[in-house]
Amino acid sequence: MSDRAATEAVYQELLLDHYRRPRNRGPLPDADVTVEQRNPLCGDILTLQLDLEEGRVREAAFTGQGCAISQAAASMMTQQLRGKTIDEALALRERFRAMILGDAEAARDTSLGDLRALSGVARLPVRVKCALLAFSALEEALKGRDARRATRDAADEDGLEP
Amino acid sequence: MTALAPRSDFPLLARQPALRYLDSAATAQKPTAMLDAERAFYENHYANPHRGAYALSARATDAYHAARARIARFVGLADAECLIFTRGTTESLNLVAATWGRTHVSAGDEIVLTALEHHANFVPWQQLALERNAVLRIVEPTTSGEIDVQRVLETVGSRTRVVAFTHVSNALGSITPVAALVAELRRRTDALLVCDGAQGAPHLPVDFDALGVDCYASSAHKLGGPMGIGALLARRAILEAMPPYQTGGDMIEFVHDERSTWNVLPHKFEAGTPNAAGAVGFAAAVQYLDALGMDRVRAHEQALVAEASERIAALDGARVYGPPAERRSGVVSFTLGDVHPHDLATILDDARLCIRAGHHCAQPLMRRLGVAATARASFWVYNDRDDIDALIGALERARSLFGLAGV
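This section reports on the structure supplied with the text.

Cut-off values and rules
Residues numbered from 1 in each chain as written. Chains lettered and ligands numbered in written order. Predicted model: local features only at pLDDT ≥ 70, side-chain atom pairs only at ≥ 80, totals over all residues. Helix = DSSP H or I, 4+ residues; strand = E, 2+ residues; numbered from the N terminus. Buried ≥ 20, exposed ≤ 12 C-beta atoms within 10 Å, placed from the backbone. Pairing = 2+ DSSP bridges. Contact = placed C-beta atoms within 7 Å. Nonpolar A, V, L, I, M, F, W, Y, C, P; charged D, E, K, R; others polar. Axes fitted to C-alpha atoms, helices over the stretch in contact; angles between N-to-C directions.

**Observations regarding unusual backbone geometry**
All names here are of chain B.
Part 1 of the reasoning: Put simply, Leu265 and Pro266 share a cis peptide bond, and its omega is 0°.
Part 2 of the reasoning: Topologically, Pro266 is positioned in the loop between strand S10 (260–262) and helix H10 (276–292).
Part 3 of the reasoning: Residue Arg352 is not a glycine yet carries a positive backbone phi of 60°.
Part 4 of the reasoning: Within the secondary structure, Arg352 sits in the loop between helix H12 (341–350) and strand S13 (353–354).
Part 5 of the reasoning: Under the C-beta neighbour-count criterion, Arg352 is labelled partly exposed, with 16 such atoms within 10 Å.
Part 6 of the reasoning: Phi is positive for Cys361, close to 55°, though the residue is something other than glycine.
Part 7 of the reasoning: Following the sequence through the fold, Cys361 ends up in the loop between strand S14 (356–358) and helix H13 (363–369).
Part 8 of the reasoning: Overall, Cys361 belongs to the partly exposed group, with 18 C-beta atoms counted inside 10 Å.

This is the structure:
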């Protein structure tokens, strides 16, 4: 059983705003990386696209469908990723993951931005996967890339298939 | 509207009086009578059936076969040896696709199934079609989410080898008019008629011999029996003509070095040590249901579904899927504004309401309905009006949490 207070802490205005008016939702024509993640249990789909430039995330965008938690997390994450180096993006993922798994200190970390609105998910164990879906797409997208490789890959892929 | 069966018959519900269990279409709670029967088998008659040359093993064998006969009687199968114990509906359907399917479906043949099917009655046929280069033909549902007899007949052709359809849609609760459909199909085709009864046997009186299908699959756990056991009912001539599904102990007649011959029905399809305790529990569950009366089970669920559907549909922004309540089994599938069903399930869980949210293992149907997910409340013998009151109250709270109050 979830508890009323936890549910009320999660379904707040900021989360609903990201769910209903997602930021960075839509295709990214110049994307260097496109990753699709599915949650086979619930049918949620999320496609994350990153435009990388000189080892930084220039743009991040997503498409897909799912619950308020997974969609708001994707919206908040893409907002937070812009301008971050790959290492910073992966560090953000670590902070977010710690927060979702109940780390109170991570929940106070202002570098998480709007993502902090999801801290209450730590008390809804069955929804942890929803909250982490966008970040697992990010992890997949950045797998094996460090700052230098990302630049090189981006250059290699220029002019090839979208 | 009081429950048809008291909560006190179900230990889990008795111990958790605040729990509102509305997910019986996924799996049903267990009556004491079933739990006691399984325990008594282990405590009093337990040995490996069929093998031992001693009295205890003979008693275990008797209990196993008595269970088979009891379940056969419940589902209207006169020839009890044509009831094959399996792990459940999924295995029963895979068994038919793998044995009958592989020997009778060739390149260019057609397999007809409906878009209402659970993945368990969809994917085995889809994979068989891919393997045999056969053609999969999907019957579109009506706008109300039902199987239309005429549409099935129009899809069946001279190369149709299998027609597979569900008795009751697990996602919407739509009831297929099986007897009428089969009567029409028999006039046009000699295809194998396979019915997925996972949501049929727990909710409707089932008379296999009268339904006229060739194969009927069901699971014990959805009707109060244990997990991990189910049944395939089929006509004798079909089972005798089918090759075995798995090989090993119990299912053989004689093993030569180079080849083997098969045991008689039902053993031919029951390789390995059987789940005799599961069968005993399964039989106790159907006995419990027979005592309640399946006509009364049906009437009780219909009353709950009618009231719940009406009250949910009356909420602003709510949409109930599927046909009118009288043509539905114990399921109410719905959405509420832009509240995603998973979020709804979390909010309802606060009130100790258990519902299912998602695609219900029926993605082809969900695509056709144009929704990725619905919320599904399902009812059984222990549910009552209090459950519906709690459901409506929790849905109102979800509306308010999502700021839909004034919509």
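We are not done yet, so read on.
**Digging into the pairing of strand S2 (residues 44–53) of chain A**
Residue and element names in this part refer to chain A.
Part 1 of the reasoning: Sheet topology places strand S1 (residues 33–39) next to S2; 7 bridges connect them, and they run antiparallel. What sits directly across from Thr34, in S2, is Gln49.
Part 2 of the reasoning: Between the end of S1 and the start of S2, which pair antiparallel, lie 4 residues, with Gly43 showing a positive phi angle near 85°.
Part 3 of the reasoning: In the sheet, S2 pairs with strand S3 (residues 56–65) via 9 bridges, with the strands oriented antiparallel.

**Description of the interface of chain B and chain A**
Many structure descriptions define interface size as the accessible area lost when the parts assemble.
Part 1 of the reasoning: The interface is formed by 17 residues belonging to chain B together with 19 residues belonging to chain A.
Part 2 of the reasoning: It is H12 of chain B that contributes the most residues to the side of chain B that touches chain A, 6 residues altogether.
Part 3 of the reasoning: Residues that form the side of chain B that touches chain A fall into these classes: 5 nonpolar, 7 polar and 5 charged.

**Some details on the sheet that holds S14 of chain B**
All names here are of chain B.
Part 1 of the reasoning: The strand order S11-S12-S15-S14 describes an open sheet built from 4 strands, whose pairing is antiparallel. Each end of this open sheet is capped by a strand with a single partner; those strands are strand S11 (318–321) and S14. When the angles between neighbouring strand axes are averaged without regard to direction, this sheet yields 30°.
Part 2 of the reasoning: Both strand S12 (residues 331–336) and strand S15 (residues 374–378) contribute to a ladder of 4 bridges, which runs antiparallel. Residue pairing in the sheet places Val332 in a bridge with Ala377 of S15.

**Points about the sheet that holds S3 of chain A**
All names here are of chain A.
Part 1 of the reasoning: Here 3 strands make up an open sheet; going across it, the order is S1-S2-S3 and the pairing antiparallel. Two strands in the sheet have a free side with no partner beyond their single neighbour: S1 and S3. Each strand of the sheet is rotated relative to its neighbour by a mean of 20°, with strand direction disregarded.
Part 2 of the reasoning: Here helix H6 (residues 128–141) sits on the sheet in contact with S1, S2 and S3, set at roughly 150° to S1.

The quantities given are spatial measurements derived from coordinates; they are silent on function.
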